[in-house]
Amino acid sequence: MPSPTQVVALLKAQNIRHVRLYDADRAMLTALANTGIHVTISVPNDQILGIGQSNATAANWVSRNVIAHVPATNITAIAVGSEVLTTLPNAAPVLVSALKFIYSALVAANLDAQIKVSTPHSSSIILDSFPPSQAFFNRTWNPVMIPLLKFLQSTGSHLMLNAYPYYDYIQANGVIPLDYALFQPLQPNKEAVDANTLLHYTNVFDALVDASYFAMSELNFTNVPVVVTETGWPSKGDSNEPDATTDNANTYNSNLIRHVLNNTGTPKHPGIAVSTFIYELYNEDSRPGPVSEKNWGLFDENGVPTYILHLTSAGTVLANDTANQTFCVAKEGADPKLLQAALDWACGPGRVDCSPMLQGKPCYEPDNVIAHATFAFNSYYQRMAKSLGACDFKGVAAITTTDPSKQFCSLMCSVGRNGTFTNTTSLAPSSNSTTTSGCPVPYSAPVGAGSFTASLIMCVLVVSMMAL
């Protein structure tokens, strides 16, 4: 799995300036330091009961997970839990207290102006969501929603909404047209019209966002902005999930990004862009449940784009010229003996030209197995035209979008300037010398960095289109 530094390299390469994490992982926050990337961190659901019942516990959480990282890491929001009302209802009575205690700790640290505090909700708490003007929050939760909205209003924060047109489309059993869910153009007579306001809706996303605004209005709150903290579309599904496809995922996310970047707004609030996070950065192969649950990512766990977004004239977010560039590197934490064996194969039967890594040659330094393996692995991967399976080497290699040659010698050690390999020298250099030279250090794992586990990968969400 990618390390925190590899994740950050991917974010920077894709010009992603806003991320949401499901927790406040120290290694990830450290890797994000000095990047300028806006970070939303989260209080996990299993910590809400403790924080909601103790001001001291909340202050300690802020001290460890916020104060320890700012200002180097640009933390701009804290999401307290995720869909607590629908997934952890026993914590609902202390949810607002948890937000207030976290906020009080930020005030004490003079960080309240910089960092907003809120909690993400499932759109399922909004009942009768179409027409949007009739929407209202499930009144069972009014004892929570009313004080929550008062808090958000008084602190200048926003309502966090997880909006999934995919699920609305699936659950509608054919009532909602696929094009309406995917932001595809509709004939005027196919647009949904709110009979009460005469507003025309051309997509499910806008209807969900406006439904949340009308639901707040029903409780007499009219000046709390909505931020969509999760949305997306799965790229693969089971046989009974025929609309979870690469084409549909690409269409939805491409149209969504274009919709937000163009400051289209919603029918109720035209011209006001809705800050939106796309769920999610990486696929989660180990996630339980149906196939669709594993395949919401823009990239697979090796950093290979799941698809290339169609973003003509829509800015530089995940543009083709960066997302389509992939490289093969030695995997962090891999057994050095296995790396050496894979290196020997690449430089032998794999027919990689490893002569530039011989002693005295431009890519000899740094003389360690990670650097040399990265050279050989990427050489083989590029020569094999990045074909499926060309970056495995029995599990000790990983695909990345960070070009290792940028940190190699100026001679572009791992790939010939014309992309070809003419020498078939079968010499794998040993990796035990400490001699140094003037050749820049190639891509390698920082000592002691460890692996970025699957439990952390599934916690990264991307991308907000505008500053919160």
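First, a word on scope: everything that follows refers to the structure included in this document. All values derive from a computational prediction rather than experimental measurement. (Residues numbered from 1 in each chain as written. Predicted model: local features only at pLDDT ≥ 70, side-chain atom pairs only at ≥ 80, totals over all residues. Heavy atoms only, no water.)

**Focus: the packing of aromatic side chains**
Step number 1: This structure, assessed with the given rule, holds 18 aromatic pairs.
Step number 2: Between W345 and F393, the aromatic rings sit 6.1 Å apart at their centres with planes inclined by 70°, giving edge-to-face as the arrangement. You can see W345 sitting in helix α13 (residues 336-347) and its partner F393 sitting in the loop between α14 (369-383) and β13 (397-400), a full 48 residues away along the chain.
Step number 3: Ring centres of F377 and F393 lie 4.1 Å apart, and the angle between their planes is 15°; on these two criteria the pair is classed as stacked. A residue pair is termed long-range when its members are at least 10 positions apart, and F377 in helix α14 and F393 in the loop between α14 and β13 qualify at 16 residues.
Step number 4: Three or more aromatic residues joined by ring pairs form one cluster here, namely Y164, Y166, Y167, Y169, F183, F205, W233, Y252, Y279 and W296.
Step number 5: Of note, R139 hangs over the ring of F136, and the distance from its end group to the ring centre comes to 4.2 Å. (Phe/Tyr/Trp six-rings, centres within 6.5 Å; stacked < 30°, edge-to-face > 60°. Helix = DSSP H or I, 4+ residues; strand = E, 2+ residues; numbered from the N terminus. Lys NZ or Arg CZ within 6 Å of the ring centre and 35° of its normal.)

**A short note on the side chain of S379**
Step number 1: Summarising the element assignment, S379 is placed in helix α14.
Step number 2: Of the residues examined, S379 reaches a relative accessible area of 1% and is grouped as buried.
Step number 3: Within the structure, S379 has its side chain in polar contact with the backbone oxygen of F375 (distance 2.8 Å). (Buried < 20%, exposed > 50% of the residue type's maximum accessible area, 1.4 Å probe, protein only. Polar contact = N/O pair within 3.5 Å; in protein donor to acceptor, adjacent residues only side chain to side chain.)

**Some points on the pattern of salt bridges**
Step number 1: Under the criterion given, the structure shown has four salt bridges.
Step number 2: Taking the shortest distance from any N to any O, the salt bridge between E218 and R139 comes out at 2.9 Å. A residue pair is termed long-range when its members are at least 10 positions apart, and E218 in helix α10 (residues 204-218) and R139 in the loop between β7 (136-137) and α7 (142-155) qualify at 79 residues.
Step number 3: A relative accessible area of 36% places E218 in the partly exposed class.
Step number 4: The residue R287 makes a salt bridge to E284 at a minimum N-O spacing of 3.4 Å.
Step number 5: Among the residues examined, R287 registers a relative accessible area of 23% and is labelled partly exposed.
Step number 6: One network of salt bridges, with partners in common, ties together E284, R287 and E293. (Salt bridge = Lys/Arg side-chain N within 4 Å of Asp/Glu carboxyl O.)

**Topic: the pairing of strand β2 (residues 38-43)**
Step number 1: Burial runs high along β2: five of the six residues are buried.
Step number 2: Strand direction decides the pairing type here: strand β1 (residues 18-21) and β2, joined by three bridges, are parallel. Counterpart to H18 in the pairing with β2 is H38.
Step number 3: Handedness of the crossover joining β1 and β2 through helix α2 (residues 26-31): right-handed.
Step number 4: Looking at chain direction, β2 and strand β3 (residues 75-80) are connected through five bridges and run parallel. Among the inter-strand pairings, I41 is bridged to a residue of β3, identified as I78. (Pairing = 2+ DSSP bridges. Right-handed = clockwise from strand over helix to strand, strands pointing away.)

**Examining the packing of helix α6 (residues 92-108) against α7**
Helix packing for two helices is described by the angle between their axes and how far apart those axes are.
Step number 1: In the contact formed by α6 and α7, the axes pass within 9 Å of each other and the chain directions differ by 15°. One finds that α6 runs roughly parallel with respect to α7. Like other packed secondary-structure pairs, α6 and α7 cross with a definite hand, here left-handed. Contacts between α6 and α7 involve A92, L95, V96, L99, K100 and Y103 from the former and V144, P147, L148, F151 and T155 from the latter.
Step number 2: Split into classes, the residues belonging to the contact of α6 with α7 amount to nine nonpolar, one polar and one charged. (Axes fitted to C-alpha atoms, helices over the stretch in contact; angles between N-to-C directions. Parallel < 35°, antiparallel > 145°, perpendicular 65-115°, else oblique. Left-handed = near helix turned anticlockwise from the far one by under 90°. Contact = heavy atoms within 4.5 Å. Nonpolar A, V, L, I, M, F, W, Y, C, P; charged D, E, K, R; others polar.)

**Here we look at the sheet that holds strand β5 (residues 120-122)**
Step number 1: With parallel pairing, the three strands of this open sheet are ordered in space as β5-β8-β11. If you trace the sheet from one side to the other, it starts and ends with β5 and β11 (226-230), each paired once. Ignoring which end each strand starts from, the neighbouring axes of this sheet average 40° apart.
Step number 2: For β5 and strand β8 (residues 159-162), the ladder comprises three bridges, and the chain directions are parallel. Considered in β8, the bridge of S122 is made with N162.
Step number 3: Most of the contacts of α10 go to β11, to which it runs at about 130°, and overall it touches β8 and β11.

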